[in-house]
Amino acid sequence: MNRYITLLLLVSMLSASAVPHKLTGTVIGTETSVDYSTGLPSTTVNTRYNAFDGDLSTYFASYDRSSVSETEIPRTWVGLDLGSKHVISKVGWSPRDDGYGEQRVQLGLFEGANSPDFTDAIPIYLIPDKGTIGTISYADVDCSRGFRYVRYLGPDNARCNIAEVEFYGEEGEGDDSHLYTVSNLPTVVIYTTGDFFGRDPVDKVTDYTSSITIISRNDDGTTAVLCQPGTTRLRGNNSMTHPKKPYRIKFDSKQKVLDAPAKAKKWTLINTYGDKTILRNEISFEIARRLEMDYVPYCRLVDVIYNGDYKGTYQLCDQIEINKNRVNITEMEVDDLAGEAITGGYLLEIDAYASQEGEEHYFTSSSGIPVTIKSPDESNDLSLCKSYISTYWNFMEKAVMQTSRASLDQYMDVKSYCKIFLVGELTGNSDTFWSMYVTKERNDALLRFGPVWDYELTFNNDNRTKDYFFNPVAHTEWLFEFDDGNGNHTLKAGTMGDFAKKMLILFHAGELLDVWKNGYEKNNLRASSLNAYVDKLAEEIDQSQKLNFIRWPILSKKVHMNFQALGSYEKEVEFVKSYITTRVDWMNAKLGYKPAGVDGVISDASDELQPKQIFNMQGVLLYQGDEMPELEPGVYIVRQGAFSNKVMITR
């Protein structure tokens, strides 16, 4: 009996020791609160100490609002200096008791740090739901790193209003084996430092010194972390005007980021504000891969936290630049100004924004096409480089405008043009000829088109071209030939439209078809396969997109170039899939391509009224219905009524 009692006591002691302790420490955070009775700043009313007094009827309310987009005010917060490092295992919170309190905590962020200014902070929990007034809500924390400083930050565009905050854990150094990510996607955490401390960038000229951390999950459940100094700034053109901002990252030294092929300093965070699926770029890149373009930018979906503010779901992508695992051409040195050296490599962009942006390093071609020289840059003597490449471009352009295929083959890799043309037409990219990259390698006579970039307006997401996709008459033309009655919106970059029309004349018989057929048969451009890829991405992004559209509640709003707002993420994804199904069929018909399939195997008219049944060679029923599905290559049994036949499907 005594042994039994002793065992119970030991179990009880061990269980008690395993329970995390509620932590105490020195209260830290935003000093200035608001006195709501006067609306004036205060240091005695509604102060930060109220968040740790155990009284749910009192609250902390910062005087300033948590929005730093265009101010120099750091975000408002409240927390504890624990005196030594602690591993946090649980957090608790309760909203202020007023009409807005419950929503004030949604997307509120808990962080841990070991620097008192929190420039090394990483998230430990993001609140996904509204709070409950009068109750403390709790969440377990999956973070093994020890922190001396912990805090809570209110969501964007609100005062940090909170009735109570609690932290639980145990003293210890911890480790980085399990760090928190906002969703199943990697989490990118950026803090501006030094002279730019706590400030968000406001332009794409000024580089803000930053601490950049990327946390991702390994297959075994552990985490990988990259933490490096660098700079950040805004990027893009029209996308920079959206409430959800795009960013450029530049590490101080080259880094391998996640599973990207390139080791590089510069990376981009694409905001995809006008694309409610958040997937259009990545789907378009996949189509480019299946059409075997030489290089397709790396792209990975991530969550972004910038200066303690959850910004939403982004696409972490390559910067388009010369790199052996990006645009793999020779990078010109400062003295590459004559002979073979001046022949390349050049990274160019057909860029309708060139004159609007005040680009110094661009030229206008003989037929009016604006072309920006992206590389070499200002470190070279660009007057000589510009003279060479603009002259070379005009030779190529002259061959096109004079419809001389013999001359064109001396200056252009026509197959590369075919590929980027087909990506644009399949995806319905109204910006294909507004922004397009072109390269020229050293001692290579040919200008090559690509890589693809900026496909947010694709898959019928542009109010200027919606009539093309919904109008059967206009549907008989290529998208770039479409005129909505107000001008050819798909031919915006100078006279690029004339260039594209002349190119159609210059294609050899079946040249576009050959490129399409290769992609279709070798790499599966079937609608069913592309839609399966969309489903995979949508499943991967599901946790993150829900948070994104809490941060940016636009699913029922038309933004950017939208002509519709379908009200739910699921409907937006289904719309893209429906577009793919219709457009792939249209492309096949337009190019005169009939994919291998089982159409036409039914010989008895009476059997055609019966549903089709398709079996694999093991006798497993794969499909039953009235439609004829697309099938992967292989041997099948097709049964319809009394008719059955063995059919081989080849690519």
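Everything in this summary refers to the structure shown in the same document. Here the structure is a predicted model, which is why all the values come from computation and not from measurement.

## Description of the overall build of the chain
Then, number 1: Counting its secondary structure elements, the chain contains eleven helices and 28 strands.
Then, number 2: Put simply, the chain has 651 residues, and 55% of those count as buried.
Then, number 3: Relative to all contacts within the chain whose residues are 6 or more apart in sequence, the contacts with residues 24 or more apart total 70%.
Then, number 4: Element-wise, carbon and sulfur atoms account for 49% of the exposed surface of the chain, whose accessible area totals about 27,600 Å².

## Looking at unusual backbone geometry
Then, number 1: Going from Ser 375 to Pro 376, the amide bond is cis rather than trans, its omega being 5°.
Then, number 2: On the secondary structure map, Pro 376 appears in the loop between β22 (370-375) and α4 (382-401).
Then, number 3: Gly 450 connects to Pro 451 through a cis peptide bond whose omega is 10°.
Then, number 4: By the element assignment, Pro 451 lies in the loop between β24 (448-449) and α7 (466-470).
Then, number 5: For Ile 278, which is not a glycine, the phi torsion comes out positive at approximately 65°.
Then, number 6: Here Ile 278 lies in the loop between β17 (263-270) and α3 (280-290).
Then, number 7: One non-glycine residue with positive phi stands out, namely Asn 524, at about 65°.
Then, number 8: On the secondary structure map, Asn 524 appears in the loop between α9 (511-523) and α10 (527-551).

## Some remarks on the packing of α3 against α10
Then, number 1: Contact geometry of α3 with α10 gives a least axis separation of 11 Å together with a crossing angle of 140°. On the basis of their axis angle, the class for α3 and α10 is oblique. Classified by chirality, the crossing of α10 by α3 is right-handed. Facing α3, whose interface residues are Glu 282, Ile 283, Glu 286, Ile 287, Arg 289 and Arg 290, α10 presents Ser 529, Leu 530, Tyr 533, Val 534 and Leu 537.
Then, number 2: Of the residues assigned to the contact of α3 with α10, the class counts are six nonpolar, one polar and four charged.

## Re the pairing of strand β8 (residues 122-126)
Put simply, side chains in a regular strand alternate between the two faces of the sheet.
Then, number 1: When you tally the buried positions in β8, you get five out of five residues, the bulk of the element.
Then, number 2: In terms of strand pairing, strand β7 (residues 109-113) meets β8 through four bridges, oriented antiparallel. Bridged to Phe 110 within β8 is Tyr 125.

## Let's talk about the side chain of Asp 318
Then, number 1: With respect to the secondary-structure elements, Asp 318 resides in strand β19 (residues 309-318).
Then, number 2: At 2.9 Å, the side chain of Asp 318 and the side chain of Tyr 295 are in polar contact.
Then, number 3: Residue contacts for Asp 318: discarding those within four places in its chain leaves Ala 262, Trp 267, Thr 268, Tyr 295, Pro 297, Tyr 298, Arg 326 and Trp 453.

## Section: the pattern of salt bridges
Then, number 1: For the structure shown, the criterion picks out 32 salt bridges.
Then, number 2: The residue Arg 448 makes a salt bridge to Asp 444 at a minimum N-O spacing of 2.9 Å.
Then, number 3: You can call Arg 448 partly exposed: its relative accessible area is 26%.
Then, number 4: The shortest N-O distance in the salt bridge between Lys 546 and Asp 542 comes to 3.2 Å. Within this pair, Lys 546 and its partner Asp 542 are both found in helix α10, separated by four residues, close to a single helical turn.

Basis of the calculations
Residues numbered from 1 in each chain as written. Predicted model: local features only at pLDDT ≥ 70, side-chain atom pairs only at ≥ 80, totals over all residues. Heavy atoms only, no water. Helix = DSSP H or I, 4+ residues; strand = E, 2+ residues; numbered from the N terminus. Buried < 20%, exposed > 50% of the residue type's maximum accessible area, 1.4 Å probe, protein only. Contact = heavy atoms within 4.5 Å. Areas by Shrake-Rupley, 256 points an atom, 1.4 Å probe, with all protein chains shown as cover. Axes fitted to C-alpha atoms, helices over the stretch in contact; angles between N-to-C directions. Parallel < 35°, antiparallel > 145°, perpendicular 65-115°, else oblique. Left-handed = near helix turned anticlockwise from the far one by under 90°. Nonpolar A, V, L, I, M, F, W, Y, C, P; charged D, E, K, R; others polar. Pairing = 2+ DSSP bridges. Polar contact = N/O pair within 3.5 Å; in protein donor to acceptor, adjacent residues only side chain to side chain. Salt bridge = Lys/Arg side-chain N within 4 Å of Asp/Glu carboxyl O.

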